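# Descriptive structure summary
Chain residues, written in single-letter form:
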Amino acid sequence: MTTTNRRTGLPPGQRRVQGFPRFGTHFHRPAPAVPDAPEIEIVGAGVERLVATAAEIAALPRREMTADFHCVAGWSATGLRWEGVAFETFYRSVVEPAASQLAGPVTHLAFGGLDGYRSFVLLEDALADDVLIADRLDGRPLDGDHGAPLRLVSPSQYGFVSTKHLCRIELHTSEPAGRYHPNPLMDFGLRVVKPHARARVWREERHRHLPAWAVRRVYRLLIPGIAAASARGSRRDG
């Protein structure tokens, strides 16, 4: 199935950049090595550990989606063509049976990457029609800069939701606590500004404790530096 998730123009506070900048916890060092046998571990309190292999995921119905990617720092990469499996398909087929072991209904998910990063998402947002577990970008397998071997893609939310190098999904019956970032300084900063629980780009839900207008100018000053520093991670500069 092929879909397009694009509105006219850009969300408030965003500016278009050329290419698709490299970003993430490995910004200043190599991306995590791709495991010989990639898999996603599904865990939760009282849930028997479940593992879905990359081959099992690839065997589910496929979807192709053209969408824009919006970083919370204010830049947007447009017209990216993702391929993978709809997260709702994966959840209904693989995760939901395990979720029945929980003491209550699942309300939140935590997505973990091989680089140690975690994002927290409401279940209803994760099950949106445009959320993918992607393994290809612009007709090619994901590379390390953009989340190989598998990554979450949620175009309607800011990029911090779209965990790269996806290897773990945690099931929660309430909003989870804990670490966002493997770097202690970055994690402290994220705990202070607190990423928004919904992170919807068209509503400019960037942070919980800072109004959107207050960070726009600061973020715009950062965009040129981010684009320049991450140029080697762009798949679309040519």
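No experiment lies behind these values; they were computed from the predicted model shown. (Residues numbered from 1 in each chain as written. Predicted model: local features only at pLDDT ≥ 70, side-chain atom pairs only at ≥ 80, totals over all residues. Heavy atoms only, no water.)

Here the focus is the overall build of the protein. Helix and strand counts for the protein stand at 5 helices and 12 strands. The 238 residues of the protein split such that 51% are buried. Contacts in the protein between residues at least 24 apart in sequence constitute 69% of all its contacts with a sequence separation of at least 6. Looking at the protein as shown, the accessible area adds up to about 11100 Å², and 54% of this sits on carbon and sulfur atoms. (Helix = DSSP H or I, 4+ residues; strand = E, 2+ residues; numbered from the N terminus. Buried < 20%, exposed > 50% of the residue type's maximum accessible area, 1.4 Å probe, protein only. Contact = heavy atoms within 4.5 Å. Areas by Shrake-Rupley, 256 points an atom, 1.4 Å probe, with all protein chains shown as cover.)

This part takes up unusual backbone geometry. Following Ala148, the chain continues to Pro149 via a peptide bond in cis, the omega torsion being 0°. Tracing the chain through its elements places Pro149 in the loop between β10 (140–141) and β11 (151–153). Phi at Asp138 takes a positive value of approximately 55°, unusual for a residue other than glycine. In this fold, Asp138 is placed in the loop between β9 (132–137) and β10. In this model, Glu204 sits at a positive phi of 50°, which is unusual for a non-glycine residue. Structurally, Glu204 is set in the loop between α4 (184–193) and α5 (212–229).

A separate point is the environment of Thr173. Relative to the helices and strands, Thr173 is located in the loop between β12 (166–172) and α4. Once the C-alpha coordinates of Thr173 and Gly44 are considered, the two residues, 129 residues apart in sequence, prove to be 9.2 Å apart. When neighbours within four sequence positions are excluded, Thr173 is seen to be in contact with Leu102, Gly104, Pro105 and Thr107.

Turning our attention to the side chain of Gln157. Mapped onto the elements, Gln157 comes out in the loop between β11 and β12. Here Arg198 takes part through its backbone oxygen, which lies 2.7 Å from a polar atom of the side chain of Gln157. With residues near it in sequence (within four places) discarded, Gln157 still touches His70, Val121, Asp125, Arg198, Ala199, Arg200 and Val201. (Polar contact = N/O pair within 3.5 Å; in protein donor to acceptor, adjacent residues only side chain to side chain.)

What follows deals with the confidence of the model for the protein. Any segment with low pLDDT has predicted coordinates that should not be analysed in fine detail. Averaged over every residue, the pLDDT of the protein is 86; the share at 70 or more is 87%. Segment residues 232–238 is flagged for pLDDT under 50; beyond a separation of four residues in sequence, or across chains, it makes 25 contacts in the model. (pLDDT = per-residue confidence, 0-100.)

If you walk across this open sheet you meet the 5 strands as β4-β3-β12-β7-β8, and the pairing is mixed. Because the sheet does not close on itself, it has two edges, and the strands there are β4 (50–53) and β8 (118–122). Neighbour-to-neighbour, the strand axes of this sheet turn through a mean angle of 20°, independent of strand direction. Summarising the sheet, strand β3 (residues 39–44) and β4 pair through 4 bridges and their orientation is antiparallel. Among the inter-strand pairings, Ile40 is bridged to a residue of β4, identified as Ala52. (Pairing = 2+ DSSP bridges. Axes fitted to C-alpha atoms, helices over the stretch in contact; angles between N-to-C directions.)

Let us now look at the pattern of salt bridges. All told, the structure shown has 18 salt bridges when counted by the stated rule. For Arg136, the salt bridge is made with Glu83, and the minimal N-O distance between the two is 3.7 Å. With Arg136 in strand β9 and Glu83 in strand β6 (residues 75–86), the pair connects residues that are 53 residues apart, well separated along the chain. Residue Arg198 pairs with Glu124 through a salt bridge whose shortest N-O separation is 3.6 Å. One end of the pair, Arg198, is in the loop between α4 and α5; the other, Glu124, is in helix α3 (residues 123–126), with 74 residues separating them in the sequence. The exposure class of Glu124 is exposed, given its relative accessible area of 56%. What you see here is one network of salt bridges that share partners, running through Glu39, Glu41, Arg49, Arg118, Arg168 and Glu170. (Salt bridge = Lys/Arg side-chain N within 4 Å of Asp/Glu carboxyl O.)

Here β8 lies mainly inside the structure; 5 of its 5 residues are buried. Both strand β7 (residues 108–113) and β8 contribute to a ladder of 5 bridges, which runs antiparallel. Along β8, the bridge assignment pairs Phe111 with Ser119.

Looking at where Arg206 falls in the secondary structure, it is placed in the loop between α4 and α5. You can call Arg206 buried: its relative accessible area is 2%. There is a polar contact of 3.3 Å between the side chain of Arg206 and the backbone oxygen of Pro12. With sequence-adjacent residues up to four places away left out, Arg206 is seen in contact with Pro12, Gly13, Gln14, Cys71, Val72, Gly74, Tyr158, Phe160, Pro195, His196, Val215 and Tyr219.

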